[in-house]
Amino acid sequence: MVLDKLGSSLKDALKKITKIGLVDKKAVIQLSSDIKKALVAGDVNIQLSKDIAQKIRDRALKEKPAKGLTAREHTVNIVYDELTNFLGKEFEEIKVSKKPTIFLLVGLFGSGKTTTAGKLAKYYRKLGKKIALVQTDTWRPAAYDQLKTLAEKTKVQFFGDARERDPVKILKAHEKEFKKFDLVIVDSAGRDALNKELIKEIKDVNKVLNPDEVLLVLSGDIGQAAEDQARKFHDSVGVTSIIITKLDGTAKGGGALSACAVTDAKVKFIGVGEKLDAIEEFKPKNFVSRLLGMGDLETLLKKAESAIDKETAEKMAKKVIKGESLSLQDLYDQMEAMKKMGPLGQIMDMIPGMGGMKVPKGALKEQEGKMKNWKYLMDSMTPQEKNNPEVINASRIKRIAEGSGRSEPEVRSLLKQHKQMKKMTKMIGGGRNIKQLQKMMKGKGLKLPGM
Ligand SMILES: Nc1nc2c(ncn2[C@@H]2O[C@H](COP(=O)(O)OP(=O)(O)OP(=O)(O)O)[C@@H](O)[C@H]2O)c(=O)[nH]1
Ligand SMILES: [Mg+2]
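Structural notes, computed from the coordinates. For clarity, every value in this text was computed on a predicted model and none was experimentally measured. (Residues numbered from 1 in each chain as written. Chains lettered and ligands numbered in written order. Predicted model: local features only at pLDDT ≥ 70, side-chain atom pairs only at ≥ 80, totals over all residues. Heavy atoms only, no water.)

### Side note on the overall build of the protein chain
At step 1: In terms of regular secondary structure, the protein chain is built from 20 helices and 8 strands.
At step 2: Burial statistics for the protein chain: of 451 residues in total, 52% are counted as buried.
At step 3: With an accessible surface of roughly 22,200 Å², the protein chain has 52% of that area assigned to carbon and sulfur atoms. (Helix = DSSP H or I, 4+ residues; strand = E, 2+ residues; numbered from the N terminus. Buried < 20%, exposed > 50% of the residue type's maximum accessible area, 1.4 Å probe, protein only. Areas by Shrake-Rupley, 256 points an atom, 1.4 Å probe, with all protein chains shown as cover.)

Structure follows, in structure tokens:
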């Protein structure tokens, strides 16, 4: 998970107060001191860490819990609130409604501009947008091929010119075609530092392109220095949004995120890996709930939504919320969607109540292996059997095993798994039984609904 260490020390701090019987002054002071330490260790500015801790302490001691909240819930809520505030409060989506919407990506060498251009292309293509990627980086020889390959991988249009040295000419040569696209994403050249030459180049490109968004790409590993970089870029070329990359591989991400929260341009996306789908919209609220282990159903649903079609996602979410049971067909659809969503471990972090659970890596691998075989089994079932697995008797089990080239015990194990899934969706639907669900999962060694 992103900001693993910061997350686990914040969770530990909160765990202390969920364990003790009484949340008294001493406990609150301890909590705020633990949180301050966690933030400082996560590279958040010391003064800022102190301020946050102080606010949490003051509010937890002064404010009366809202009706229906225990003192403990009240305190956790304040922690959540204050951490969300310091990461930028409300999230405002980048609108891609005007045609064409134009993004210009800027940043220093190696910050992740080109990779991010590819990621954004994939992200918005999944939302149904028609995309063009444009390379104006004439500085680095490999830049042209790098973005062209990404465009081929994501199946979007590519514009560029490997021989032209002037970025403005490249833009002029293609600008007429831009209006055929919903979103035109323009990559640009980086430099070691924001110098006159880079400023001039970005200004020239800016003038011809007149982009709707100037997105500054910053590498998370620069930590608090992100603030200075963001301000300088903003003052000289006008930045509308920030993307922080490489949050998967740095302990300094807390520093970078919190530092940018105080600038005029807000962080809109974060990069969480080298692969093309390793990008997420940065919503402070969701981010903090994940960090604190409260789960992040919204992000999960969104991922599911882009993987499966919207209709299936809504259908499934409704069933879970109503506590209705899911059919084998749903399990199958979910598995199909999961394949596109990434490893199970990543998904677990996003399910409320499960973020804090430590699941042995082996168990996840084994589960992923099992899923493959279930697919074969389900391919041998009739639609009726998938929708209503109760009809599957001994002779059907035999037929399914033979048809799929798997064994009868495997069919039985799948049916058993489905039964458990049904039970669990009922619990999640009830909403109150996460604890019970976790207990059951621990006992059985990872049996998630639909996984
Ligand atoms: N782990 C991780 N690596 C990333 C991420 N984003 C980019 N990278 C890697 O960072 C390196 C630099 O990425 P590029 O996209 O080429 O950076 P750039 O800003 O275009 O670099 P220049 O064109 O040289 O200025 C590559 O090895 C990427 O794979 C991320 O979110 N996580
Ligand atoms: Mg590049």
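### Describing helix H8 (residues 196–209)
Side chains of residues three or four places apart in an α-helix project in the same direction, reflecting 3.6 residues per turn.
At step 1: The terminal C-alpha atoms of H8, which comprises 14 residues, lie 20 Å apart, in line with the 20 Å expected from a rise of 1.5 Å per residue.
At step 2: Buried positions along H8 lie against strand E1 (101–106), helix H7 (167–174), strand E4 (183–187), strand E5 (213–219) and helix H9 (225–237). (Expected span 1.5 Å × (residues − 1). Contact = heavy atoms within 4.5 Å.)

### Points about unusual backbone geometry
At step 1: Omega for the peptide link from Lys-99 to Pro-100 comes to -5°, which places this bond in the cis form.
At step 2: The residue Asn-210 is not glycine, and still its phi comes out positive at about 50°.
At step 3: Of note, Asn-210 is situated in the loop between H8 and E5.
At step 4: One non-glycine residue, Lys-246, lies in positive phi territory at about 60°.
At step 5: Mapped onto the elements, Lys-246 comes out in the loop between strand E6 (241–245) and helix H10 (253–261).

### Points about the sheet that holds E6
At step 1: In spatial order, the strands read E3-E2-E4-E1-E5-E6-E7-E8; together these 8 strands make up an open sheet with mixed pairing. Every interior strand has two partners, whereas the edge strands, strand E3 (157–159) and strand E8 (279–281), have only one. Shown here is a sheet whose adjacent strand axes are inclined to one another by a mean of 25°, direction ignored.
At step 2: One ladder, built from 4 bridges, connects E6 with strand E7 (residues 266–271); its direction is parallel. Among the inter-strand pairings, Ile-242 is bridged to a residue of E7, identified as Val-267. (Pairing = 2+ DSSP bridges. Axes fitted to C-alpha atoms, helices over the stretch in contact; angles between N-to-C directions.)

### Looking at the nonpolar core
At step 1: Leu-83, Phe-233, Ile-242, Leu-257 and Phe-287 are the most contacted members of the largest nonpolar core, which totals 65 residues.
At step 2: No other element matches helix H4 (residues 71–86), which puts 6 residues into this core.
At step 3: Non-local contacts of Leu-257, meaning those with residues more than four positions away in its chain, are made with Leu-3, Leu-87, Ile-244, Leu-247, Val-267, Ile-270, Phe-282 and Phe-287.
At step 4: Grouped together as the second largest cluster of nonpolar side chains are 25 residues, Leu-120, Tyr-123, Tyr-124 and Leu-133 included. (Core = buried A, V, L, I, M, F, W, Y, C linked by side-chain atoms within 4.5 Å.)

### Thoughts on the site of ligand 1
At step 1: Taken together, 20 residues sit near ligand 1, with Lys-113, Thr-114, Thr-115, Asp-248 and Glu-274 positioned nearest.
At step 2: Interatomic distance of 2.9 Å between a backbone N/O atom of Gly-112 and an oxygen atom of ligand 1.
At step 3: Taking Gly-273, its main chain carries an N or O atom lying 3.2 Å from an oxygen atom of ligand 1.
At step 4: Out of a free accessible area of 650 Å², ligand 1 has 82% covered by protein chains.
At step 5: It is helix H5 (residues 113–126) that provides the largest number of residues to the shell around ligand 1, a total of 4 residues.
At step 6: Here the shell around ligand 1 is built from residues that sort into 3 nonpolar, 10 polar and 7 charged. (Near = heavy atom within 4 Å. Polar contact = N/O pair within 3.5 Å; in protein donor to acceptor, adjacent residues only side chain to side chain. Nonpolar A, V, L, I, M, F, W, Y, C, P; charged D, E, K, R; others polar.)

### Looking at the pairing of strand E2 (residues 131–135)
At step 1: For E2, the buried fraction is high: 5 of the 5 residues fall into the buried class.
At step 2: A two-sided burial pattern is seen for E2, the buried positions comprising Ile-131, Leu-133 and Gln-135 on one face and Ala-132 and Val-134 on the other.
At step 3: As paired elements, E2 and E4 share 5 bridges and run parallel to each other. When the bridges of E4 are listed, Val-134 appears paired with Val-186.
At step 4: Two elements, E2 and E3, share 3 bridges in a ladder whose sense is parallel. By the bridge assignment for E3, Val-134 is matched with Phe-159.
At step 5: With helix H6 (residues 143–154) bridging E2 and the parallel E3, this β-α-β connection has right-handed handedness. (Right-handed = clockwise from strand over helix to strand, strands pointing away.)

### Here's the deal with the side chain of Asp-182
At step 1: Residue position: Asp-182 is located in the loop between H7 and E4.
At step 2: Buried charge without a partner: Asp-182 forms no salt bridge, and the closest opposite charge is Lys-99, 4.1 Å away. (Lys, Arg positive; Asp, Glu negative; His and termini not counted. Salt bridge = Lys/Arg side-chain N within 4 Å of Asp/Glu carboxyl O.)

### What about the side chain of Ser-380?
At step 1: By the secondary structure assignment, Ser-380 is in the loop between helix H16 (361–379) and helix H17 (383–387).
At step 2: Among the polar contacts listed, one links the side chain of Ser-380 to the backbone oxygen of Gly-403, at a separation of 3.4 Å.

### Comments concerning the packing of H5 against H6
At step 1: Across the interface, H5 lies against H6 with an axial gap of 9 Å and an inter-helix angle of 20°. The angle between H5 and H6 falls in the class roughly parallel. Relative to H6, the crossing made by H5 is right-handed. On the side of H5, the interface is formed by Thr-114, Thr-115, Ala-117, Gly-118, Ala-121, Lys-122 and Arg-125, while H6 contributes Gln-146, Leu-147, Leu-150 and Thr-154.
At step 2: Of the residues in the contact of H5 with H6, the class split is 4 nonpolar, 5 polar and 2 charged. (Parallel < 35°, antiparallel > 145°, perpendicular 65-115°, else oblique. Left-handed = near helix turned anticlockwise from the far one by under 90°.)

### Details of the pairing of E1
At step 1: E1 sits mainly inside the fold: 6 of its 6 residues count as buried.
At step 2: Because side chains alternate across E1, one face comprises the buried residues Thr-101, Phe-103 and Leu-105, and the other comprises Ile-102, Leu-104 and Val-106, equally buried.
At step 3: Strand direction decides the pairing type here: E1 and E5, joined by 4 bridges, are parallel. Directly across from Val-106, in E5, lies its bridge partner Leu-216.

### Digging into the environment of Leu-3
At step 1: Looking at where Leu-3 falls in the secondary structure, it is placed in the segment before helix H1 (4–19).
At step 2: A relative accessible area of 6% places Leu-3 in the buried class.
At step 3: With 251 residues separating them in the primary sequence, Leu-3 and Gly-254 have C-alpha atoms 7.0 Å apart.

### Here we look at H1
At step 1: Helix length check: H1, at 16 residues, gives a terminal C-alpha distance of 22 Å against a target of 22 Å (1.5 Å per residue), a fit within 8%.
At step 2: Within the span of H1, buried status applies to Leu-6, Gly-7, Leu-10, Lys-11, Ala-13, Leu-14 and Ile-17. Burial along H1 is one-sided: seen end-on, the buried residues are contained in an arc of 160°. Those residues of H1 that are exposed and aimed more than 90 degrees away from the buried face are Lys-5 and Lys-19. (Arc of directions from axis to C-beta.)

Remember, this is a structural readout, not a statement about activity or role.
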